[in-house]
Amino acid sequence: MIAEIETLLNEQIKYEAKASAQYLSMACWADTNGYNGVADFFYTQSEEERVHMTKLVKFINERNGHAIIPAVEKPRDDFKSLMELFETFLESEEFVTSKINNIIYQCLQLKDYNVHNFMQWYVAEQLEEEAVARTLLDKMKIIGDDKSGHYLFDRDINGFQIEEEPK
Ligand code: FEO
């Protein structure tokens, strides 16, 4: 595997791990603030990000690279509102997408078509995750501070759960 690409994939492991920890922290916030549906949503998202991370770890190692497991930074847990939670969700997904796009770009520059092909799964996954994050934030903006709106949002959110593509 090309060294520069291996470095980028190892950085991506870190971003997926960070997203997984962030969503677990968001699930905890929701759980302790009475939003059990939102908590379930983020528990599941956290697990999915872990799957994204592990898939990269295995890919690097199977190709004679060396996957590096990063230290876990403390994620944010100081959310003031449900709105802030969903703003953070979209920001996190947009950040991950930008990093994946950069890997794709570098693969083309360095003619690493093998990794380019592998990364297409992540491109498709990000498209879906960003769309869900944007839809949920749009709904939060409509609801605003309306308490009964929050109740219904919490009850219905798992209908928006992202279906994982087969690995
Ligand atoms: Fe794996 Fe949603 O970033």
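Structure shown above.
It should be emphasised that the depicted structure is a prediction, and the values quoted were computed from it without experimental measurement.

Scoring rules and cut-offs
- Residues numbered from 1 in each chain as written.
- Predicted model: local features only at pLDDT ≥ 70, side-chain atom pairs only at ≥ 80, totals over all residues.
- Heavy atoms only, no water.
- Axes fitted to C-alpha atoms, helices over the stretch in contact; angles between N-to-C directions.
- Helix = DSSP H or I, 4+ residues; strand = E, 2+ residues; numbered from the N terminus.
- Parallel < 35°, antiparallel > 145°, perpendicular 65-115°, else oblique.
- Left-handed = near helix turned anticlockwise from the far one by under 90°.
- Contact = heavy atoms within 4.5 Å.
- Nonpolar A, V, L, I, M, F, W, Y, C, P; charged D, E, K, R; others polar.
- Buried < 20%, exposed > 50% of the residue type's maximum accessible area, 1.4 Å probe, protein only.
- Salt bridge = Lys/Arg side-chain N within 4 Å of Asp/Glu carboxyl O.

A.B. asks: Help me understand the packing of helix 4 (residues 113–143) against helix 5 (residues 147–156) in this model?
C.D. replies: The geometry of a pair of packed helices is captured by two quantities: the angle between their axes and the separation between those axes. Relative to each other, helix 4 and helix 5 sit at 155°, their axes nearing to 9 Å. Relative to helix 5, the element helix 4 is oriented roughly antiparallel. The interaxial crossing formed by helix 4 with helix 5 has right-handed handedness. Residue-level contacts link Leu136, Lys139, Met140 and Ile143 of helix 4 to Gly149, His150 and Phe153 of helix 5. In terms of residue class, the contact of helix 4 with helix 5 is made up of 4 nonpolar, 2 polar and 1 charged.

A.B. asks: Explanation requested: the side chain of Ser25 in the structure shown.
C.D. replies: Looking at the element boundaries, Ser25 is found in helix 1 (residues 3–32). For Ser25, the contacting residues outside a window of four places in its chain are Pro75, Arg76 and Asp77.

A.B. asks: So what exactly am I meant to see when it comes to the environment of Lys14 here?
C.D. replies: Along the polypeptide, Lys14 turns up in helix 1. Note on Lys14: relative accessible area 41%, which makes it partly exposed. Along the backbone, Lys14 and Asp138 are 124 residues apart, and their C-alpha atoms lie at a distance of 28 Å.

A.B. asks: Help me out: how do you make sense of the packing of helix 3 (residues 82–109) against helix 4 in this one?
C.D. replies: At their nearest, the axes of helix 3 and helix 4 sit 9 Å apart, and the two run at 160° to each other. Regarding the angle of helix 3 to helix 4, the classification is roughly antiparallel. The element helix 3 and its partner helix 4 pack so that their crossing is left-handed. Per-class residue counts for the contact of helix 3 with helix 4 are 20 nonpolar, 4 polar and 7 charged.

A.B. asks: What exactly am I supposed to notice about the pattern of salt bridges here?
C.D. replies: One side chain can pair with another of opposite charge once the charged atoms of both are near each other. Inspection of every chain in the model, using the stated rule, returns 7 salt bridges. The closest approach of N and O atoms between Asp77 and Lys74, which form a salt bridge, is 3.1 Å. Judged by relative accessible area, which is 63%, Lys74 ranks as exposed. A salt bridge links Glu130 to Arg134; its shortest N-O distance comes to 2.7 Å. Within this pair, Glu130 and its partner Arg134 are both found in helix 4, separated by 4 residues, close to a single helical turn. Among the residues examined, Arg134 registers a relative accessible area of 35% and is labelled partly exposed.

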